[in-house]
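# Summary of structural features
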Amino acid sequence: MRISISSALACAAALAMAIGATVVAQNAPTPPPASSAASPSQFTGEATPPEGPLTLWYRQPAADHPAVQPVGAPAIAAATAEWVKALPIGNGRLGAMVFGGVVNERLQLNEDTLWAGGPYDPVNPDAHDALPEVRRLLFDGKYAEGAKLIADKVLAKPLRQMPYQTMGNLQLTFPATTSVENYRRDLDLDTAIARVEYTIGDVHYTREVLSSPVDQVIAIRLTASQPGKISFKTEMNTPQRATVAASAPGTLTMAGVNGDAPGVKGALTFETRVRVLAQGGKTVAEGSAISVTGADSATLLIAAATSYKSYKDITGNPHELNAKTLATAEKKPWTAIRDAHIKEHQRLFHRVQLDLGSTPAARRPTDERIKDFSGGGDPQLATLYFQFGRYLLISSSRPGGQPANLQGLWNESMDPPWGSKYTININTEMNYWPAEPTNLAECVDPLIAMVMDLTDTGARTAKEMYGARGWVVHHNTDLWRASAPIDGVGSGPWPTGGAWLALHLWDHYDYSGDKTFLAKAYPALKGASQFFVDTLVEEPKHHWLVTNPSLSPENTHPMGAAVVPGPTMDMQILRDLFTDTIHAAEILGLDGDLRTQLAATRARLAPSQIGSAGQLQEWLEDWDMQARDVHHRHVSHLFGLYPSWQINRRDTPELTAAAKKSLEIRGDQATGWATAWRINLWARLGDGDHAFSILNFLLSPQRTYPDMFDAHPPFQIDGNFGGASAIAEMLVQSHNGEIELLPALPKAWPAGSIAGLRARGGFDVDLSWKDGKLLSSTVHSTAGNPVRLRYGTATKDFPMKKGETITWKGF
Ligand code: FUC
């Protein structure tokens, strides 16, 4: 169903009338006021550091904090420079950035289905007939001509996908004050609660903010050390087309429609509703605000929803959903909401404990620690970074919600960088790299659900564009599961995004041994493989089977284009895809003929080749050293080394040496996610010190903002997830029935322990080390597979039963 903007606004107004409110404001699409306005001029005293070691904390509100700019990178906008000092909370679906102002508190709000546009299908109807000629041109080496034909006939219409958008802001205004004492704001990763506390005169104020996965609300609790001291005004604003209305005694409703994007009109409705529940004092709904004066304490509950039900069904009723959510939540006392939230968060968060050692530096404010991390002496900051990555995944990707996008869940813009979408030529996959090894398998559910949707929209694209069976997705997708090639000829015509995503289904099985899940996932693996059985073509020189057209993500080769037949990365992804599909079919006892066919096709894929500089070739031709940017951020051809295992130190030493050479040529420093990928790769090479030296760069102000968000200037969350994955990868690696203990331990972490990691084959792994040597490991089997443990050159085989636990000291 398509709704016009005017009729949607009329609906929103009618809705506001129906609940007894007056429509008083229709927000203009302007940015929210800076939260620094009317800040106290003096911050005195020194707040004590928080007790818990897994806490990010600061001595100033985000707006008063010294300005940040990532060093050695393009400048970011002033609003963004403030936003990356605010602290993220989320329940997988509802997110907020908490700024921690004393006079003006701002919560920038997100709901994970509030994207622009509506259901659409961008396949270019001319693509099918143009593709044979494109293939011929690329096989003939006429790359520029091939690129032009793709641009003219193959790329999607519209050319861009839909962006993820902000819902707006909740603003709380407290009485003006000139001076505060002992200010502190923090984010406790252990409880998933953001806190602000300070003293004005003889009154101590505390604010707690959480996003509950249990009650599906963002909840704010305001308390003071003396009765009658809580006074504030609550308002909302948004750059969306929306109305805000207050109704007595304490409800604020913002209702509207999502944004249009080129070629697709906004078709969703959304509503954000706030209940202000004050204890004592007076609550008044006036204009478009709720004011509370002289209360003892107050709780604010924020519910938000859109009409999105699925990528093809937008008939939800956000008003009814919010009313139901709030009716349940407001019956609960604050402590019940808080306790249930903490319990559910800790169910996931507590599964992994990491200790890399701690020094007095761990008591300092987080922003100061980031400035000094590369000086050494603060190993606990790496622990905090690791657990922050896990916290972000728990907060942005929970069953039933959308997968973590380029900014996870947090975005203040209507038009964020790269649309804050799902870029699947590295970024979305990287978001999920830490999920299985760091024991957050449930967090992968939204990704799996998205892949299932894509088997549907991607089947349409496979048929209409390529006349092929199965399903295909190119380098991006969005809320509407668009799957055609977008953006431009240097990035869009890459057909292997869906195949890479499908590998995550196999991984989900590999870490759990859950055959019921595998049976559900198998059709997606099979469909991904079938698409390539139908579309791979024989290249004329060696008669290898290759993708065509394709590209090595976003890298321009020396022939002046990016498009080519058979880039190395495609071949590596397909080798894994066919292997996993065959394996799954064997386990499930299905599709004997397909297994034989996939094995034969796999044998004819172009191999990974070693070039004249000793490097792993990125393309079929030995072009690497002539490429326009030999330090390019993508290291796509090293997919085989990480995340894949097809190139590894033991089975393929020559290719591993070539991958190392490529990595050396590319260099250590890149943008956020690309830096994180390099750390994972060096961990796979078994070089902990090199991995650690790059971690120093990732965890410096050059790539980490004060709130620990990753700088891909401005911000992209994949570097956080890739960094967390890399730390796990330095401590434990698992593949092919083998678990390697401390494969890349740096000298900087001589003693430590980790508990609760997961390994392939269905194992929980704990281990500790001292003086750089393994002390002991404990491995618990949850699937009953045998395992080989490896430490250095020592190995030992254990024929494990399900439920069995063994310990091994590495000799
Ligand atoms: C890929 C990367 C960019 C950016 C974008 C979202 O295109 O090459 O650096 O991360 O995704």
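Right, let's walk through the structure included here. (Residues numbered from 1 in each chain as written. Predicted model: local features only at pLDDT ≥ 70, side-chain atom pairs only at ≥ 80, totals over all residues. Heavy atoms only, no water.)

### Notes on helix α8 (residues 379–396)
For clarity, the cut-off: Helix and strand definitions follow DSSP, with helices as H or I runs of at least four residues and strands as E runs of at least two, each counted in order from the N terminus. By this rule the span expected of a helix is its residue count minus one, scaled by 1.5 Å. Only protein chains enter the accessibility calculation, which uses a 1.4 Å probe; a residue is then buried when its area is under 20% of its type maximum, exposed when over 50%, and partly exposed in between.
For α8, built from 18 residues, the straight-helix expectation of 26 Å at 1.5 Å per residue is met to within 8% by its first-to-last C-alpha distance of 26 Å. Burial analysis of α8 places 18 of its 18 residues in the buried class, which makes it a mostly covered element.

### Things to note about the sheet that holds strand β7 (residues 168–173)
Spelled out, the test is: Strands are treated as partners if at least two bridges between them are detected by DSSP. Between N-to-C directions, angles cover 0 to 180 degrees, with each direction set by a line fitted to C-alpha atoms, over the stretch in contact for helices.
On the basis of which strands lie adjacent, the open sheet formed by seven strands has the order β4-β5-β6-β7-β12-β17-β16 and antiparallel pairing. Every other strand in the sheet has two partners, leaving β4 (87–90) and β16 (282–286) as the edge strands with one partner each. The average undirected angle you get between the axes of adjacent strands in this sheet is 20 degrees. With five bridges joining them, β16 and strand β17 (residues 289–295) adopt antiparallel strand pairing. Residue pairing for β17: Val284 is matched across the bridge by Ser291.

### Overview of the pattern of salt bridges
For side chains bearing opposite charge, pairing can occur when the charged atoms are close. To keep it simple, the criterion reads: A carboxyl oxygen of Asp or Glu within 4 Å of a side-chain nitrogen of Lys or Arg is what we treat as a salt bridge.
Enumeration according to the criterion identifies 44 salt bridges in this entry. For Glu197, the salt bridge goes to Arg184, with nearest N and O atoms at 3.5 Å. One end of the pair, Glu197, is in strand β9 (residues 193–200); the other, Arg184, is in strand β8 (residues 179–188), and 13 residues separate them in sequence. Close ionic contact of Glu442 with Arg351 constitutes a salt bridge, the shortest N to O distance being 2.7 Å. Of this pair, Glu442 sits in the loop between α9 (427–431) and α10 (445–466) while Arg351 sits in the loop between α6 (334–349) and β19 (353–355); the two residues are 91 residues apart in sequence, bridging distant segments of the chain. Residue classification places Arg351 among the partly exposed positions, given a relative accessible area of 23%.

### Some remarks on the packing of aromatic side chains
The condition that has to hold: The rule is short: rings of Phe, Tyr and Trp, with Trp giving its six-membered ring, pair when the centres are within 6.5 Å, and they are stacked under 30 degrees, edge-to-face over 60, tilted in between. The criterion for a charge sitting over a ring is simple: Lys NZ or Arg CZ within 6 Å of the ring centre, and within 35 degrees of the ring normal.
Within the structure shown, the criterion is met by 25 aromatic pairs. Aromatic side chains Tyr143 and Trp623 sit 5.6 Å apart centroid to centroid with 85 degrees between the ring planes, which places their arrangement in the edge-to-face category. Linking Tyr143 in helix α4 (residues 143–154) with Trp623 in the loop between α14 (592–603) and α15 (653–666), this pair joins segments that are 480 residues apart in sequence. By relative accessible area, Tyr143 is classed as buried at 12%. With a relative accessible area of 10%, Trp623 lands in the buried category. Here the aromatic residues Trp83, Phe388, Tyr391, Trp410, Phe709 and Phe715 are joined through ring pairs into a cluster of three or more. Taking the ring centre of Tyr58 as reference, the NZ or CZ of Arg185 above it sits at 4.5 Å.

### Focus: the side chain of Ser297
Filter applied, for reference: Nitrogen and oxygen atoms within 3.5 Å of one another constitute a polar contact, given that in protein one can donate a hydrogen and the other can accept it, and given that sequence-neighbouring residues count only through two side-chain atoms. Whether two residues are in contact is decided by their heavy atoms, any of which lying within 4.5 Å being enough.
In this structure, Ser297 sits in strand β18 (residues 297–306). Engagement of the side chain of Ser297 in a polar contact is seen with the side chain of Arg221, the distance being 3.2 Å. Among the polar contacts listed, one links the side chain of Ser297 to the side chain of Gln279, at a separation of 2.6 Å. Contacts of Ser297, omitting those with residues within four sequence positions, involve Arg221, Leu222, Thr223, Ile230, Ala278 and Gln279.

### Some thoughts on the site of the ligand
For clarity, the threshold we go by: Nearness is judged by heavy atoms alone; a residue qualifies as near a molecule or strand once a single heavy atom is within 4 Å of it.
In the vicinity of the ligand, the residues found are Leu406, Trp418, Thr423, Asn427, Glu554, Arg633, His634, Trp673, His712 and Gln716. Separating an oxygen atom of the ligand from a side-chain N or O atom of His634 is a distance of 2.6 Å. Between the ligand and the protein, one listed contact pairs an oxygen atom with a side-chain N or O atom of His712 at 3.1 Å.

### Comments concerning the sheet that holds strand β33 (residues 805–808)
Ordered in space as β19-β28-β29-β30-β33, the five strands form an open sheet in which the pairing is antiparallel. The strands lining the two open edges of the sheet, one partner per strand, are β19 and β33. Each neighbouring strand pair of the sheet contributes to a mean axis angle of 20 degrees, computed without reference to strand direction. Two elements, strand β28 (residues 752–759) and strand β29 (residues 763–770), share six bridges in a ladder whose sense is antiparallel. Pairing of Ala759 across the sheet is with Phe763, part of β29. Contacting β19 and β28, α8 crosses the sheet at an angle of about 160 degrees to β19.

### With respect to unusual backbone geometry
For the bond running from Lys157 to Pro158, omega is 0 degrees, close enough to zero to count as cis. Look at the link from Ala248 to Pro249: it is a cis peptide, with omega at -5 degrees. The residue Pro249 is located in the loop between β13 (241–247) and β14 (251–257) in this model. A positive phi angle is found at Arg481, which is not glycine, with a value near 60 degrees. Positionally, Arg481 belongs in the loop between β21 (476–477) and α11 (497–512).

### Examining the environment of Val274
Topologically, Val274 is positioned in strand β15 (residues 269–279). The class of Val274 is buried, set by a relative accessible area of 0%. Note: C-alpha distance between Val274 and Ala304 (30 residues apart in sequence) is 8.7 Å. Non-local contacts of Val274, meaning those with residues more than four positions away in its chain, are made with Leu170, Met236, Gly250, Thr251, Leu252, Leu300, Leu301 and Ile302.

### Side note on the environment of Ala613
For Ala613, the position within the fold is in the loop between α14 and α15. For the pair formed by Ala613 and Met625, sequence separation is twelve residues and the distance between their alpha carbons is 7.6 Å. With sequence-adjacent residues up to four places away left out, Ala613 is seen in contact with Met625 and Lys661.

### Looking at the pairing of β17
Most of β17 is tucked away: five of the seven residues are buried. Pairing of strand β12 (residues 230–237) with β17, which is carried by four bridges, proceeds in the antiparallel orientation. Paired with Lys233 across the two strands is Ser291, which belongs to β17. Counting the residues between successive antiparallel strands, the hairpin from β16 to β17 contains two residues, one of them, Gly287, with a positive phi of roughly 60 degrees.

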